[in-house]
Every structure is written in C-alpha cells, then in structure tokens.
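Read off the chains here:
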Amino acid sequence: MITCTLRYVIDPYKLAEFEEYAKLWIPLVNRLGGTHHGYFLPHEGANNIALALFSFPSLAAYEGYRERMAKDAECLAAFALAEKTRCILSYERSFMRPVFE
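These numbers come from a predicted model, not from an experiment.

Student: How should I be thinking about the overall build of the protein chain in this particular structure?
Tutor: Looking only at helices and strands, one finds three helices and four strands in the protein chain. Relative to its length of 101 residues, the protein chain is compact, with a C-alpha radius of gyration of 14 Å against a globular reference of 13 Å. Each of the three principal axes of the protein chain carries a C-alpha extent, and together these read 35 × 35 × 20 Å. Split into buried and exposed, the 101 residues of the protein chain put 36% on the buried side.

Student: Just to check I follow, could you spell out the environment of arginine 31 for this structure?
Tutor: Mapped onto the secondary structure, arginine 31 falls in helix α1 (residues 15-31). Along the sequence, arginine 31 and alanine 46 sit 15 residues apart, while their C-alpha atoms lie 32 Å from each other. In contact with arginine 31, other than residues within four places in its own chain, are Asp72 and Glu74.

Student: Can you help me understand the packing of aromatic side chains in this one?
Tutor: Each aromatic ring pair is characterised by the separation of its centres together with the angle its planes make. Under the definition given, this model contains 13 aromatic pairs. Judged by centre distance (5.6 Å) and plane angle (75 degrees), the ring pair of phenylalanine 56 and tyrosine 62 falls under edge-to-face. Judged by relative accessible area, which is 2%, phenylalanine 56 ranks as buried. An aromatic cluster is built from Tyr8, Phe18, Tyr21, Trp25, Tyr39, Phe79 and Tyr91, whose rings are joined through pairwise contacts.

Student: Mind showing me how you'd approach the pairing of strand β1 (residues 2-10) here?
Tutor: Consecutive residues of a regular strand have side chains that alternate between opposite faces of the sheet. The buried fraction of β1 is high, at eight of nine residues. Where β1 lies against strand β3 (residues 49-56), eight bridges are found, and the strand directions are antiparallel. Bridging from a neighbouring strand, leucine 6 pairs with alanine 52 of β3. Note that β1 and strand β4 (residues 88-96) share eight bridges and pair antiparallel. If you follow tyrosine 8 over to β4, its bridge partner there is tyrosine 91.

Student: Looking at this model, I keep getting lost on the pattern of salt bridges. Mind explaining?
Tutor: It is possible for side chains of opposite charge to pair when their charged atoms get near one another. In total, this model carries three salt bridges according to the counting rule given. The salt bridge partner of aspartate 72 is arginine 31, with a shortest N-O separation of 3.0 Å. Taken together, the residues aspartate 72 in the loop between α2 (59-69) and α3 (73-85) and arginine 31 in helix α1 connect sequence positions 41 residues apart. Look at aspartate 72 and you get buried, because its relative accessible area is 12%. Judged by its relative accessible area of 44%, arginine 31 is partly exposed. Linked by salt bridges that have partners in common, Arg31, Asp72 and Glu74 make up one network.

Conventions we followed
Residues numbered from 1 in each chain as written. Predicted model: local features only at pLDDT ≥ 70, side-chain atom pairs only at ≥ 80, totals over all residues. Heavy atoms only, no water. Helix = DSSP H or I, 4+ residues; strand = E, 2+ residues; numbered from the N terminus. Rg over C-alpha atoms; globule rule 2.2 N^0.38 Å. Buried < 20%, exposed > 50% of the residue type's maximum accessible area, 1.4 Å probe, protein only. Contact = heavy atoms within 4.5 Å. Phe/Tyr/Trp six-rings, centres within 6.5 Å; stacked < 30°, edge-to-face > 60°. Pairing = 2+ DSSP bridges. Salt bridge = Lys/Arg side-chain N within 4 Å of Asp/Glu carboxyl O.

These figures capture arrangement, not role.
And the structure:
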C-alpha cells in the first residue's frame, strides 16, 4: 500500500473555499479506487498549511487513478473550483508506505 500525502499552502482568507474543494475530493478518490483518510485544515499554528492523505493498494493503482481522474467530469470541476477561487497557492505531493507493526 502507498499513501499519497499532499501538503497545501493555502490562502488563509479563502479557507471556506478550500474546505469546499476538499469535500469534493473525498468521495471522488474513494469512487476512483482509493481510500481517502481526510483533509486536515489549520487550527492552531500555521494558518496557511493544510494536509490530505489517501491510499492506494500500489503505485500502479495510483497511476490508474490519475488517468481516470484526468477524464472524469467531477474531478475536472473540482480542479476548476480551485483555479477559480485561487484558494491553493501551492502544493507538494509525497508518497509514503505505512508501518503498522
């Protein structure tokens, strides 16, 4: 299993817009074969950093998700929302493997 970790730098004045964007992606990732672990929004500390975590059985499964996502109307609409609102300033994507025992 691999977990995609997204670290967003967001506009703190557009937190509501980012939360709307985040709520769109959770069911989309799940529908397209992943397991979304949620978005984590600023509470204490930095007011411009948000995180998202979602997992796939393998990197190949993630790559298949990326291909399907690029053609999916709901995914494209979610990207358009972020572009329209400019709530995301930048992001970093990393892949991790969990250790449970």
